[in-house]
Each structure stands twice: as structure tokens, then as C-alpha cells.
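Coordinates in review
The residues making up each chain are set out below.
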Amino acid sequence: MRYARVAAIEEAYAKAEISQTLSPRDHMYNTGPDWYFTVGADGMRVVFRALATSAMAEPKRILDLPCGHGRVARHLRAAFPRAEITFADIETDGADFCAAEFGGQALHSQADLTRVDFGGQYDLIWIGSLFTHVDASRAAVWTRHLCRSLAPRGVLIATLHGNWSREVQRSYGAMIGDGEWQRILAGCDATGWGYAPYPDTPDYGVSLCQASAVLAMASRVEGVRILGYNERAWAGNHDVLMLEARDRMEPW
Ligand SMILES: C[S@@+](CC[C@H](N)C(=O)[O-])C[C@H]1O[C@@H](n2cnc3c(N)ncnc32)[C@H](O)[C@@H]1O
């Protein structure tokens, strides 16, 4: 997108009213009310940065996956008031809440994302804190699947637990038990992507990645280009991978 256009969208967003309506079941608010709104807003800074480096015209169709109960969704709606937005989550209540509150379509996801038909042709796919909870093979397969739902020149943004998450686990509040964390560290040191499930959910837990492993995974996805990898780009916490639906081997 042209920088000037991104700047104009950002300026309008800065003046827009952000919905303050909360669901009582919003886990992200209930566990972090103090930073809920700033973290949501910072997601937009990431989006604007990705758009400014992309070759797209303007996002008209957006997928927020997983939307939760709208920590970022409310900001996406404020920044892109005319866009068609699909709010997807396995927690159906969250997707329904976002669709009703912020205006858009709810999509009820499944544990295996490859079974979900996202409908395709999204200009922007925002994946806030999903790959932070799955193993490397799931993240790779899901990235491929989601990239197939991008419109030409569309952008996919996924957040990840990078090096900083070691410090988060150590000093700011454990994301998972110590035994599991030791397995995650060992996996990350051995392969670049560590993972351990939460006690009750074999396919869902906590991951920890090295940027090199994420980039290696992304470089094997056909039909896209890596737009960027930024450490601690989302709210000074998650790393961010940005892909663009533009074949890296497109002839000159
Ligand atoms: C850490 S929360 C992040 C939510 C939201 N992106 C935010 O930033 O507030 C992770 C979310 O992933 C959802 N989730 C887990 N597995 C999923 C799947 N297979 N498909 C869609 N959503 C999933 C959970 O229900 C939860 O809402």
C-alpha cells in the first residue's frame, strides 16, 4: 500500500471511537484488564506496518483468527469501518460476540484448522496468539492452509512466542508448568520450535520459537513472500511473522 494511504487510515483510526463493550466471558480481559486495550491497539500498529510494506491496494476483506472476545477485533473495525470482517474462533461465543458487537460474520472454527473453510480471498489475515499455542507441524500446515485463503497480494500476520517469552515465563508469570516448560526449552533448543500441551489438551499448549525456524517454515510455503519477521513487535511481547500472497518465484 502507499505509505500516504496507510498514514491516512492510521490517522482516522487514531480519532475513531473504540468500542468499550466487553463480554463477561472475555478471558483476555479477565486475566489482563490493565493492558487489554493497549495490547489490542498495538495490534493495529503491527497491521499498519505490514500494510505499508505490502503491495496490496487496500484491505476490503479481513479475517481475525482467533478473535477471542475482540481484544483486537474492536480496533480492526475502527480502523477499517467499511471492510467485511470475519471473526473466527473455536470458542463460538467469542466469534458470535465479535460479529454482533463489531459488525461482521462469525465463523466457528475447529480444533483442526485444515477442516475449516475460511471462504478465501482475504486481504488481511490477523492471527493473534494462535501459533503461540501449537506445535511446529500444526503451525506449518495451518499457515499453508490460511495462505490459500489470501487474495492476491493479501497479507497474513501471525504472532509467535520468540526469545522474549523465555523472560516472560521466568520473570513475569508462568504460561505453563515448570516440567512442561523444560520440555519446551529443550525442544526449542533442539529444533527451533518447542512445544508442550496443557495438561488437559494434547493439541493445545505453549510453543516457543526461534526466528530462524519460523522463517525456514515460512520459506517452504508456496506462492508467498516473507514480508518480515519482527522480534517483540506486538506490544513488546510476541514476535510477528508477515507473509504476502505474491509468489516469490514470480518471473520478472
Ligand atoms: C490467547 S487467545 C487469543 C485471542 C485473541 N486473538 C486475542 O488476542 O485476544 C487464543 C484463542 O485461540 C482460540 N483457539 C484455539 N484453538 C483454535 C482453533 N483451532 N481455531 C480457532 N481458534 C482457536 C481460543 O479459543 C482463544 O480464543
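Here's what I pulled together on the structure shown here. (Residues numbered from 1 in each chain as written. Predicted model: local features only at pLDDT ≥ 70, side-chain atom pairs only at ≥ 80, totals over all residues. Heavy atoms only, no water.)

On to the packing of aromatic side chains, then. Under the counting rule described, the total for this entry stands at nine aromatic pairs. Relative to Phe102, the ring of Phe97 has its centre 6.0 Å away and its plane inclined at 85°; by these criteria the two rings are edge-to-face. Here Phe102 falls in the buried class, since its relative accessible area comes to 7%. Aromatic ring contacts, followed pair by pair, group Tyr13, Phe48 and Phe80 into a single cluster. Seen from the ring of Tyr122, Arg61 lies directly overhead, with NZ or CZ sitting 4.8 Å from the centre. A cation over a ring is seen here: Arg232 above Trp164, with NZ or CZ 3.6 Å from the ring centre. (Phe/Tyr/Trp six-rings, centres within 6.5 Å; stacked < 30°, edge-to-face > 60°. Buried < 20%, exposed > 50% of the residue type's maximum accessible area, 1.4 Å probe, protein only. Lys NZ or Arg CZ within 6 Å of the ring centre and 35° of its normal.)

With that settled, consider the site of the ligand. In the vicinity of the ligand, 20 residues are found, and the nearest of them are Pro66, Asp89, Ser109, Gln110 and Gly128. Here a nitrogen atom of the ligand and a backbone polar atom of Ile90 are 3.2 Å apart. Within the side chain of Ser109, one N or O atom sits 2.7 Å away from a nitrogen atom of the ligand. Isolated, the ligand exposes 590 Å² of accessible area, and the fraction of that covered by the protein chains is 90%. (Near = heavy atom within 4 Å. Polar contact = N/O pair within 3.5 Å; in protein donor to acceptor, adjacent residues only side chain to side chain. Areas by Shrake-Rupley, 256 points an atom, 1.4 Å probe, with all protein chains shown as cover.)

Here we take up the layout of surface pockets. Considered as a void within the structure, the largest pocket measures approximately 1500 Å³ in volume. Lining the largest pocket are 45 residues, with His27, Met28, Arg71, Ser129 and His133 sitting closest to its centre. Contributions of two or more residues to the lining of the largest pocket are made by helix H2 (27-31), helix H6 (136-147), helix H7 (164-172) and strand S7 (201-209). When residues in the lining of the largest pocket are grouped by element, the largest group, four residues, is from H7. Taken together, the residues of the lining of the largest pocket break down into 23 nonpolar, 15 polar and seven charged. (1 Å grid on protein atoms, 1.4 Å probe; cavity = no way out; pocket = protein on both sides within 12 Å on 5 of 7 lines; lining within 4 Å. Points joined across faces, edges and corners; volume = space filled by probe spheres on them. Helix = DSSP H or I, 4+ residues; strand = E, 2+ residues; numbered from the N terminus. Nonpolar A, V, L, I, M, F, W, Y, C, P; charged D, E, K, R; others polar.)

In short, geometric facts, not functional conclusions.
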